[in-house]
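The lines below spell out each chain.
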2 protein chains.
Amino acid sequence: MSLPSRRDGLPTSLSALHPFDPLTPFEIKLAVSILEKALPGAPLRYKRIDVLEPIKKDAAPYLDAERLGSPLPKKPARLLFSYFHRMDTGAFFKAVVNVEAMKPVYIKELPKHVQGPADIDELIDIEEVCMKHPAVLAEIEKMQLPEGYTVCNDPWIYGTDSDSESRRLVQCYMYIIEVDHAEANHYSLPCAFSPVFDQVTKELIRIDQLPTGADATTQSTQPWKPVKCVHYAHDLLDEPLRTDLKPYIVTQPDGPSFSVNGHEVSWQKWRFRVGFTNRDGLVLYNVTYDGRQTFYRLSMSEMTVPYGDPRAPYHRKQAFDAGDVGFGITANQLALGCDCLGHIKYFDGYRTDSKGNPVHLKNVICMHEQDNGIQHKHTNYRNNAATIVRNRQLVVQMICTVSNYEYILAWIFDQAGNIEHEIRATGILSTMPIDNESGAKVPWGTNVGPGVMAAYHQHLFSVRIDPAIDGHNNTLYYEDSVPMPVDKELNPFGMGYISKQTVLDKAGFADLSVEKNRVFKIRNDSKINDVSLKPVAYKLHSVPSQMLIMAEGSFARKRATFAEHAMWVTKYQDDELYAAGEFTNQSRVDTGLSEWASRNDDVENTDIVVWHTFGLTHNPRPEDFPVMPSERVSFMLKPDGFFTKNPALDVPASTQHFNKSSLVEDSCCGDKPKL
Amino acid sequence: MSLPSRRDGLPTSLSALHPFDPLTPFEIKLAVSILEKALPGAPLRYKRIDVLEPIKKDAAPYLDAERLGSPLPKKPARLLFSYFHRMDTGAFFKAVVNVEAMKPVYIKELPKHVQGPADIDELIDIEEVCMKHPAVLAEIEKMQLPEGYTVCNDPWIYGTDSDSESRRLVQCYMYIIEVDHAEANHYSLPCAFSPVFDQVTKELIRIDQLPTGADATTQSTQPWKPVKCVHYAHDLLDEPLRTDLKPYIVTQPDGPSFSVNGHEVSWQKWRFRVGFTNRDGLVLYNVTYDGRQTFYRLSMSEMTVPYGDPRAPYHRKQAFDAGDVGFGITANQLALGCDCLGHIKYFDGYRTDSKGNPVHLKNVICMHEQDNGIQHKHTNYRNNAATIVRNRQLVVQMICTVSNYEYILAWIFDQAGNIEHEIRATGILSTMPIDNESGAKVPWGTNVGPGVMAAYHQHLFSVRIDPAIDGHNNTLYYEDSVPMPVDKELNPFGMGYISKQTVLDKAGFADLSVEKNRVFKIRNDSKINDVSLKPVAYKLHSVPSQMLIMAEGSFARKRATFAEHAMWVTKYQDDELYAAGEFTNQSRVDTGLSEWASRNDDVENTDIVVWHTFGLTHNPRPEDFPVMPSERVSFMLKPDGFFTKNPALDVPASTQHFNKSSLVEDSCCGDKPKL
């Protein structure tokens, strides 16, 4: 449906917004004015302002009417939320406001120990406070750095090692900048001291010394032993660049196959809405195929990166990149031709700054087609007649820079009803100093350069799948492939095997089993497939991954219960979006899945949410430094008796006329092989 | 090195051949004349003629000299082998011949129960024998097919259910052809009877009745109950084709980045030789990166597809697609622009026919570049300066049609030292009749269309990795990621974890462990990485898969021991190439890995071969019919401390100037979303 819009594409009034449209700049201002009116005279510092997800009981009928072409009911109320501080009292609040009624719904003060996520302004601020502090400058002095060398710091979320810490702390990891270049790789030259600040009072709490040997021993800051910096920026490399890479150009002379209307995308029978939040970043809403509902909402709900170096201060090193900071606010503003290849459509986002001013996040989501080889092929060997169809895909993605690391999160649609979620980790390892002149090595890390070690760590993701397989009442179950018993009558040769089903009827968790080829599926018990005679379903091609390694009773487990099991199911409730809970920064326990899953709700044939935990145990190798070749992990949602046959049969044949490939002739006497 | 060649690129003399060059047509003729001379007057029927892999102790020094630019030693002797029959006595032989000396090395008669692989001529022949047999025609008559309907058959390797069968048998599965069209989908209309023939005498042994209900009950052939045929060919579809798919063109205006000299390929510091055999199909030899050895030989050594329907005759349904038939002889002859996109280089192959005439297998291997997103990226969040490099890959692949199924086997190289092996399964499920009018369902299969069921089955692949990590003496080991014990001194918070190594010092097998994130690695104990201080290595990103489900003591297990465990290691010996042994057709036991692995050889720091078993447990869904959306499974070989840093740093930056992407503007008021 067409929405009236300004030249820049943004709706000019609330009535023009779709319930699932992301935050707009004028709404940020509306929210600020509601709060200023509710708390007159109070000096407010805004940490976050964003859209509150629509209440499903109001949103679902609206989406159904859109999908069926029926008269539209009243839209759900447009609600925003905000995390903010009163700078006079230091109190921390959460408010929900109704920007149509121009009223707060509630404003509540949060307990003292609850820390909101990091915001951009405070990160910039504390980095500066650290760099100017006399005690820090004194430590830098002790390093006796060569002329022209400077120091910077990456402020790190402090983490948790206590149930009684209520200050908002930050651990500033210090690094040396070898040369005045915008991309000097400071991660190659970590310092051996690390200040801890109170982010509110800006006080220096203490200076931690980092261990530099093979054990937990530390010493006072020593003169820096010069080592070579391992650079990644092209003009800082020692070696020459490759000269034999020829261009690879993708063109779509008739344009791309997708069409976009505001935030609604249509492509090859798929239709969905692209959403954006400060926390989730990219969200997909109301995904339908050929007019049939498949998924109400898809997003990466949380990720945790605990480190395996047991020595202080690394024992607190456990990032929650969505909850502690936010994928949305760390999303790169993408550049045409650099990040994406082909015909690219971008979507923008907005956030607030600490003063309540909108900040434009341009090009944070990109979308384009790609070709992924053959979709299906069969040749009748008798006559060589063949049917070939290529696998055209649609990619919607964002790239997030969380200090040192980059995560590329992509949702990939194809023409056979499949949805893939692919995560690539790249960027730079988190590094620690090590005195490897003496040959020091540690069993929980890898030496990746001179004087620099990268500790073992895990990346554990929780993807949140809110299914609507032909409707909202679904059931999660799994099937194991198990041998039939040997039986003189039916199975005398021991060849038989069957699939054995188990329904998850209560909220909770389950584990994968490679040995049984366990496959989790989501079905609609009220809709039977005419061909298979079973309920229509989607299955997860999940990623068998090592779950959290850390010990029972550790804060790592208490804070990230989602990371203990591969599959979770809860009964849908509004506002249950984030696997480890709403506030992860310096959390002591998980206030998310562990609570919701223990409600023991009935989850059979009802509105459920499925959460899949998967990831990478990352024990670094030298090849991951100074910048990491992207490591890929992905899972897929695939129709399983959702259709009565292959839904991609009607994709036109792959032909030379359409594809225009070129033949490379033998080059035996022309191009000499290059050494 | 340039080889003199004819206009068609084929060397004209043996001296022009590289030791790893594939079979040439004139060598087929040389082999035939050697055998005719050795067995004068005997009427010979050739099943296979192919190159015998060079003896490593002779080939390795030759390759080293090439690599180092040293004077070349004497080439290894050029040996061919042949499987053939004497048509007068029926005896089956294997011969090895020296085509330089023009002499046999040996000719040995094989035991009566040993069956060679299927060859193309005999498959064509038996299909015809079956279609003309009076008893078969009588069964077809009983079906009372409508006017215009005909019948065809897929001759199937008979399989094994006995230790005493020594006839060469074939099970002909019968199907109905609904309409006179080159791609009528006969798999949609299976018949309920299946003749068994003796392939040598051409006698009909018996006619099996296939069960059509929910149990093993069979009946005599009944009048066929007409059901709709589910077609896949574009012009036989009921539904109209999609009209909204826009072209996606890949061009390389300066040509591709690879260069080819005969069978040697150079691309982005990789260099390797493309090989082709009738059995393996595509083989990669002597893979080096930047002049350093990585892998001596890589290939898919075997695959087995056992079916889980326990009822006769399906209890014998277990294909060994490499050993029973051969990837090479079933490889598609690829068509420009249909199978591959972009700038394509093809390689040809040759086989013999039953008379000893060379048959040209044109374009059986294709090679091209592709773009796979971002290789690495890092943005300095302080100033937004970013380094982005794209992931250009080189793909070398073949597509094999084995009756109903297609397998696309691709080796994919990238610029960061990674080698991926990706297998896609597509084509058509193997189908069985079922009387689903009565609502019949079976627990070991899925109804995929009217009257047609597809049984559960597994695809288990054995990839053979002959490593040469900086040299031939290597060690296979694995690392598990395990928690450190909680310890007041070192690990008070229970965060620590380490990697625990286990060396495989004796030939044998090992299993994967997802719970411990077990990673298998191959290292060179004599070469230490300057940065990590550990031996240089490559690791396998293996595919955790369900192993063979079939019962202990079943023929499935006895014949395919490789499919019981994920990892195998043996001490290198020439001619140990095929995981289930040389002759799999109607085999009773595995004569491959189970024998070689039980030799108990020392395999630490010596010339080893690693075999990785992985696969798919395939319980069909309706979406897999009538032709299957390609199912992908892949594993990777990744450098692990082989390099001292990321080897792709010197790949030039991804820029708009190079990539020429296009911006898609908002299309809110132009392109209406299509329903």
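Residues numbered from 1 in each chain as written. Chains lettered and ligands numbered in written order. Predicted model: local features only at pLDDT ≥ 70, side-chain atom pairs only at ≥ 80, totals over all residues. Heavy atoms only, no water.

**Remarks on the overall build of chain A**
So, point 1. When you go through chain A residue by residue, the secondary structure sums to eight helices and 33 strands.
So, point 2. A globule of 675 residues ought to have a C-alpha radius of gyration of about 26 Å, and chain A, at 27 Å, matches this closely.
So, point 3. Each principal axis of the C-alpha distribution contributes one length, and for chain A these read about 80 × 75 × 65 Å.
So, point 4. Out of the 675 residues in chain A, the part that is buried amounts to 67%.
So, point 5. Considering only contacts in chain A between residues 6 or more positions apart, those separated by 24 or more positions represent 67%.
So, point 6. Per element, the accessible surface of chain A, about 22,600 Å² overall, is 53% carbon and sulfur.
So, point 7. Counting 71 positive and 86 negative side-chain charges, chain A places the averaged centre of each group 4 Å from the other. (Helix = DSSP H or I, 4+ residues; strand = E, 2+ residues; numbered from the N terminus. Rg over C-alpha atoms; globule rule 2.2 N^0.38 Å. Buried < 20%, exposed > 50% of the residue type's maximum accessible area, 1.4 Å probe, protein only. Contact = heavy atoms within 4.5 Å. Areas by Shrake-Rupley, 256 points an atom, 1.4 Å probe, with all protein chains shown as cover. Lys, Arg positive; Asp, Glu negative; His and termini not counted. Charge placed at Lys NZ, Arg CZ, Asp CG, Glu CD.)

**Details of the UniProt feature "active site" (unreviewed entry) in chain A**
Residues and elements named next belong to chain A.
So, point 1. The sites that carry the UniProt feature "active site" (unreviewed entry) are, in the present numbering, Asp-321 and Tyr-405. The greatest C-alpha distance among the residues just named is 10.1 Å, despite their covering 85 residues of sequence, which places them together in space.
So, point 2. Relative to the assigned elements, Asp-321 resides in helix α5 (residues 321–325).
So, point 3. On the basis of relative accessibility, which here comes to 7%, the residue Asp-321 falls in the buried class. (UniProt positions renumbered as here; feature names shortened; annotations may be inferred.)

**A word on the packing of helix α3 (residues 120–132) of chain A against helix α4 (residues 134–143) of chain A**
Residues and elements named next belong to chain A.
So, point 1. Two elements in contact, α3 and α4, have axes separated by 5 Å at closest approach and are oriented at 60°. Comparing the axis directions of α3 and α4 gives the class oblique. Of the residues in α4, those touching α3 at Cys-130, Met-131 and Lys-132 are Pro-134, Val-136, Leu-137 and Ile-140.
So, point 2. Of the residues belonging to the contact of α3 with α4, the class tally is six nonpolar, no polar and one charged. (Axes fitted to C-alpha atoms, helices over the stretch in contact; angles between N-to-C directions. Parallel < 35°, antiparallel > 145°, perpendicular 65-115°, else oblique. Nonpolar A, V, L, I, M, F, W, Y, C, P; charged D, E, K, R; others polar.)

**Some thoughts on the side chain of Asp-154 of chain B**
So, point 1. Structurally, Asp-154 of chain B can be placed in strand β5 (residues 150–157).
So, point 2. Of note is the side chain of Asp-154 of chain B, whose polar atom sits 2.6 Å from the side chain of Tyr-187 of chain B.
So, point 3. Sequence-distant contacts of Asp-154 of chain B, defined by excluding residues within four places in its chain, comprise Tyr-381 and Arg-382 of chain A together with Gln-171, Cys-172, Tyr-173, Tyr-175, His-186, Tyr-187, Ser-403 and Asn-404 of chain B. (Polar contact = N/O pair within 3.5 Å; in protein donor to acceptor, adjacent residues only side chain to side chain.)

**Quick notes on the relation of the copies chain A and chain B**
Each of the two chain copies can be generated from the other by rotation about an axis followed by a shift along it.
So, point 1. Expressed as a screw transformation, the operator carrying chain A onto chain B has a rotation angle of 180° and an axial translation of 0.0 Å, and the superposed copies differ by an RMSD of 0.0 Å. On this basis, the relationship between the two copies can be described by a two-fold rotation axis. Scanning chain A for the C-alpha nearest the rotation axis identifies Val-250 of chain A, at a separation of 2.4 Å.
So, point 2. Most of the interface of chain A is mirrored in chain B, where 100% of its interface residues again form contacts. (Least-squares fit on C-alpha atoms with pLDDT ≥ 70 in both.)

**Some remarks on the UniProt feature "domain: Copper amine oxidase catalytic" (unreviewed entry) in chain A**
So, point 1. UniProt's feature table lists "domain: Copper amine oxidase catalytic" (unreviewed entry) at residues 250–649 of chain A, given in the numbering used throughout.
So, point 2. In this annotation, residues 250–649 of chain A is assigned 4% helix and 51% strand; the end-to-end C-alpha distance for the span is 25 Å.

**A word on the interface of chain A and chain B**
In many analyses, interface size is given as the accessible surface area lost on bringing the parts together.
So, point 1. With 197 residues of chain A at the contact, the number on the chain B side is 197 residues.
So, point 2. Taking both partners together, chain A and chain B bury about 16,700 Å²; carbon and sulfur atoms supply 53% of that area.
So, point 3. By the criterion of area lost to chain B, the three top residues of chain A are Arg-242, Tyr-248 and Tyr-497 of chain A, representing 6% of everything that side buries.
So, point 4. At the junction of chain A and chain B, the tally comes to 14 salt bridges. (Buried area = accessible area lost by both parts, 1.4 Å probe. Salt bridge = Lys/Arg side-chain N within 4 Å of Asp/Glu carboxyl O.)

**As for the sheet that holds strand β4 (residues 103–109) of chain B**
Note: strands within a sheet are paired through backbone hydrogen bonds, in either parallel or antiparallel orientation.
All names here are of chain B.
So, point 1. If you walk across this open sheet you meet the four strands as β1-β2-β3-β4, and the pairing is antiparallel. Of all the strands in the sheet, the pair left with one neighbour each is β1 (44–51) and β4. Taken pair by pair, the neighbouring strands of this sheet meet at an average axis angle of 20°, ignoring direction.
So, point 2. Sheet analysis places β1 next to strand β2 (residues 79–86), joined by seven bridges and oriented antiparallel. (Pairing = 2+ DSSP bridges.)

**Quick look at the packing of aromatic side chains**
Any two aromatic rings considered together are summarised by their centre-to-centre distance and by the angle between their planes.
So, point 1. All chains considered together, the criterion is met by 58 aromatic pairs over all chains.
So, point 2. Plain terms: the ring middles of Tyr-173 of chain B and Tyr-314 of chain B are 6.4 Å apart, the flat faces sit at 25° to each other, and that makes the pair stacked. Here Tyr-314 of chain B lies in the loop between β14 (292–306) and β15 (318–320) and Tyr-173 of chain B lies in strand β6 (residues 169–177), a separation of 141 residues in the sequence. The same class applies to Tyr-173 of chain B and to Tyr-314 of chain B, which are both buried.
So, point 3. An aromatic cluster is built from Trp-270, Phe-272, Tyr-289, Phe-295, Phe-413, Tyr-538, Phe-642 and Phe-643 of chain A, whose rings are joined through pairwise contacts.
So, point 4. Here the guanidinium or amino end of Arg-292 of chain A rests over the ring plane of Phe-643 of chain A, the centre of that ring lying 5.6 Å away.
So, point 5. Here the guanidinium or amino end of Lys-558 of chain B rests over the ring plane of Phe-555 of chain B, the centre of that ring lying 4.4 Å away. (Phe/Tyr/Trp six-rings, centres within 6.5 Å; stacked < 30°, edge-to-face > 60°. Lys NZ or Arg CZ within 6 Å of the ring centre and 35° of its normal.)

**Examining the environment of Asp-466 of chain B**
Residue and element names in this part refer to chain B.
So, point 1. Along the chain, the position of Asp-466 falls in strand β24 (residues 457–467).
So, point 2. The spatial distance from the C-alpha of Asp-466 to the C-alpha of Val-569 is 10.0 Å, given a sequence separation of 103 residues.
So, point 3. Residue contacts for Asp-466: discarding those within four places in its chain leaves Lys-56, Phe-295, Tyr-296, Arg-297, Tyr-572, Asp-607, Ile-608 and Val-609.
So, point 4. Among the polar contacts listed, one links the side chain of Asp-466 to the side chain of Lys-56, at a separation of 3.0 Å.

**Here's the deal with the pairing of strand β31 (residues 606–618) of chain A**
Residue and element names in this part refer to chain A.
So, point 1. Burial analysis of β31 places 13 of its 13 residues in the buried class, the great majority of the element.
So, point 2. Relative to β31, strand β24 (residues 457–467) is paired through nine bridges, and the arrangement is antiparallel. Bridged to His-459 within β31 is Leu-616.
So, point 3. As defined by bridge partners, strand β30 (residues 567–571) adjoins β31 across five bridges and the pair is classed as antiparallel. Bridge pairing links Trp-568 to Trp-611 in β31.

**With respect to the nonpolar core**
As a rule of thumb, soluble globular proteins bury nonpolar side chains together.
So, point 1. Counting 123 residues, the largest nonpolar core has Phe-272, Phe-413 and Ile-465 of chain B as the members making the most contacts within it.
So, point 2. Considering each element in turn, this core owes the most residues, six residues, to strand β31 (residues 606–618) of chain B.
So, point 3. If we ignore the near neighbours within four places in the chain, the residues touching Phe-272 of chain B are His-263, Glu-264, Val-265, Leu-284, Tyr-285, Asn-286, Val-287, Met-367, Leu-394, Val-396 and Phe-413 of chain B.
So, point 4. Formed by 121 residues, the second largest nonpolar core is a distinct cluster that contains Cys-152, Tyr-307, Val-609 and Val-633 of chain A. (Core = buried A, V, L, I, M, F, W, Y, C linked by side-chain atoms within 4.5 Å.)

**So, a negative patch on the surface**
So, point 1. Side chains of Asp-511 and Glu-515 of chain A together with Asp-511 and Glu-515 of chain B sit close together on the surface and give a patch of like negative charge.
So, point 2. Checked against the element boundaries, Asp-511 of chain A lands in the loop between β27 (508–510) and β28 (519–528).
So, point 3. Looking at Asp-511 of chain A, the relative accessible area reads 34%, which means it is partly exposed. (Patch = residues over 30% accessible without salt bridge, like charges linked within 9 Å, V, L, I, M, F, W, Y side chains within 5 Å.)

**Describing the pattern of salt bridges**
Residue and element names in this part refer to chain A.
So, point 1. Within the structure shown, the criterion is met by 98 salt bridges over all chains.
So, point 2. Of the charged contacts in the structure, one is a salt bridge between Arg-297 and Glu-53, with a shortest N-O distance of 2.9 Å. Here Arg-297 is found in strand β14 (residues 292–306), whereas its partner Glu-53 is found in the loop between β1 (44–51) and α2 (56–68), with 244 residues between them in sequence.
So, point 3. We classify Arg-297 as buried; its relative accessible area is 1%.

**Thoughts on the sheet that holds β1 of chain A**
All names here are of chain A.
So, point 1. Reading across the sheet, the four strands line up as β1-β2-β3-β4 and stay open at both edges, with antiparallel pairing between neighbours. Looking along the sheet, the strands with just one partner apiece sit at the ends: β1 and β4 (103–109). Between one strand axis and the next, the sheet turns by 20° as a mean value, whatever way the strands run.
So, point 2. The strands touched by helix α1 (residues 25–38) within the sheet are β1, β2 (79–86), β3 (92–98) and β4, with β1 carrying the most contacts at an inclination of about 130°.

**A short note on helix α3 (residues 120–132) of chain B**
The periodicity of an α-helix, 3.6 residues per turn, causes residues three or four places apart in sequence to face the same way.
All names here are of chain B.
So, point 1. Between its first and last C-alpha atoms α3 spans 19 Å; for 13 residues at 1.5 Å apiece the expected length is 18 Å, and the two agree.
So, point 2. Among the residues of α3, Glu-122, Ile-126, Glu-127, Val-129 and Cys-130 are the ones counted as buried. Buried positions in α3, seen along its axis, are confined to an arc of 165° and lie on one side of it.
So, point 3. Where α3 is buried, its residues touch β1, α4 (134–143), β5, β6 and β7 (193–198). (Expected span 1.5 Å × (residues − 1). Arc of directions from axis to C-beta.)

**Re the state of the cysteines**
All names here are of chain B.
So, point 1. One pass over the structure, following the stated rule, counts zero disulfides over all chains.
So, point 2. For the unlinked cysteine Cys-130, the closest cysteine sulfur is that of Cys-172, found at 4.0 Å.
So, point 3. Cys-130 gets classed as buried once you look at its relative accessible area, which sits at 0%.
So, point 4. No disulfide involves Cys-152; its sulfur sits 8.2 Å from the nearest other cysteine sulfur, which is in Cys-191. (Disulfide = S-S within 2.5 Å.)

**Digging into α1 of chain A**
So, point 1. The first and last C-alpha atoms of α1 of chain A sit 20 Å apart over 14 residues, in line with the 20 Å expected at 1.5 Å per residue.
So, point 2. Within α1 of chain A the residues assigned to the buried category are Pro-25, Glu-27, Ile-28, Ala-31, Val-32, Ile-34 and Leu-35 of chain A.

**Overview of the pairing of β6 of chain B**
Residues and elements named next belong to chain B.
So, point 1. Counting buried positions along β6 gives nine out of nine residues, so the element sits mostly inside the fold.
So, point 2. Of the strand pairs in this sheet, β5 and β6 are connected by eight bridges, and their pairing is antiparallel. Bridged to Val-151 within β6 is Ile-176.
So, point 3. Across three bridges, the pairing between β6 and β7 is antiparallel. Across the sheet, Gln-171 pairs through a bridge with Val-196, a residue of β7.

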